[in-house]
Amino acid sequence: MDRAQKEKVVEELGQIFESSGVVVVARYEGMTVAQMQDLRAEMRSVGGSVRVAKNKLAKIALEGKPGASMGDLLKGMTVFAYSEDPVAAAKITDAYAKKNEKFVILGGAMGNAALDPAGVKAVAQMPSREELIAQIASIIGAPASSIAGAIGAPASNIASILTTIEERLAA
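Here is a short report on the structure shown in this document. Computed from a prediction, not measured in an experiment: that's the story for all the values here. (Residues numbered from 1 in each chain as written. Predicted model: local features only at pLDDT ≥ 70, side-chain atom pairs only at ≥ 80, totals over all residues. Heavy atoms only, no water.)

### Describing the pattern of salt bridges
Piece 1. Counted according to the given criterion, the structure contains 5 salt bridges.
Piece 2. Between Arg51 and Glu12 there is a salt bridge whose closest N-O contact spans 3.1 Å. Within this pair, whereas Arg51 is found in strand S2 (residues 49-52), its partner Glu12 is found in helix H1 (residues 3-19), the two being separated by 39 residues in sequence.
Piece 3. Look at Glu12 and you get partly exposed, because its relative accessible area is 29%.
Piece 4. Between Lys98 and Asp94 there is a salt bridge, with the nearest N and O atoms lying 3.5 Å from each other. Of this pair, Lys98 and Asp94 both sit in helix H4 (residues 88-99), 4 residues apart, which is roughly one turn of the helix.
Piece 5. Residue Asp94 is classed as buried on the basis of its relative accessible area of 10%.
Piece 6. Each member of the salt-bridge network shares a partner with another, and the members are Asp94, Lys98 and Lys121. (Salt bridge = Lys/Arg side-chain N within 4 Å of Asp/Glu carboxyl O. Helix = DSSP H or I, 4+ residues; strand = E, 2+ residues; numbered from the N terminus. Buried < 20%, exposed > 50% of the residue type's maximum accessible area, 1.4 Å probe, protein only.)

So, in structure tokens, the structure goes:
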């Protein structure tokens, strides 16, 4: 790899570290190509990505960026899993680590906050962006449905009273 290619990789990694909601660092020593492709496919399905880069270039890219503390995790065969959604990459990597013992989460970063393996697990248990939007929409819609029910309740009560009176008169 010549100097120009290295500079390009450092620039790409710098953009990843700046623009990602979360970056998870994991060790992947001993994983097969098929297993790595499976991880990449799972990350793509949620809008995330997986990147393998030389640790030295990643440390250079981390200088002055959010999550610069991740540099301490970069020893051995490491991989970066990242996504714009602050929860997606953590969820996928946590689930993948449970089913593949060769994939070990070392930590990561969420903005300026450094994450240890327990921190990545905690982020993975948070609801995703889509789940939060659905929860907010249901909370916003709940008062409107309550109002509609309250407005419709007197009419339904009157109808049931009239039905009861009608049944008594018929009997």
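### A look at the pairing of strand S3 (residues 78-83)
Piece 1. Extensive coverage of S3 is indicated by the burial of 6 of its 6 residues.
Piece 2. Neither face of S3 is left uncovered, since the one carrying Thr78, Phe80 and Tyr82 and the one carrying Val79, Ala81 and Ser83 both have all their residues buried.
Piece 3. One ladder, built from 6 bridges, connects strand S1 (residues 22-27) with S3; its direction is antiparallel. Pairing of Val22 across the sheet is with Ser83, part of S3.
Piece 4. Where S2 meets S3, 4 bridges bridge the pair, whose relative direction is antiparallel. Residue pairing in the sheet places Val52 in a bridge with Val79 of S3. (Pairing = 2+ DSSP bridges.)

### What to know about the side chain of Asp85
Piece 1. Summarising the element assignment, Asp85 is placed in the loop between S3 and H4.
Piece 2. Residue Asp85 is classed as buried on the basis of its relative accessible area of 11%.
Piece 3. Discounting residues that sit within four places of it in the chain, Asp85 has contacts with Val22, Ser128, Arg129 and Glu130. (Contact = heavy atoms within 4.5 Å.)

### Remarks on a nonpolar patch on the surface
Piece 1. Together, Ile158, Ile161, Leu162, Ile165 and Leu169 make up an exposed nonpolar region whose accessible area comes to about 530 Å².
Piece 2. Following the sequence through the fold, Leu169 ends up in helix H6 (residues 129-170). (Patch = residues over 30% accessible without salt bridge, like charges linked within 9 Å, V, L, I, M, F, W, Y side chains within 5 Å. Areas by Shrake-Rupley, 256 points an atom, 1.4 Å probe, with all protein chains shown as cover.)

### Things to note about the nonpolar core
Piece 1. Ranked by internal contacts, the top residues of the largest apolar core, which has 21 residues, are Met36, Leu39, Met43, Val79 and Phe103.
Piece 2. Looking at this core, the elements that each hand over two or more residues are S1, helix H2 (33-45), S3, H4 and helix H5 (117-124).
Piece 3. Here this core gets 4 residues from one element, more than from any other, and that element is H4.
Piece 4. Among all residues touching Phe103, those that are not within four sequence positions of it are Ala26, Arg27, Tyr28, Met31, Leu39, Val79, Thr93, Tyr96 and Ala97.
Piece 5. Counting residues in hydrophobic clusters, the runner-up holds 18 residues, among them Leu13, Met70, Leu74 and Phe80. (Core = buried A, V, L, I, M, F, W, Y, C linked by side-chain atoms within 4.5 Å.)

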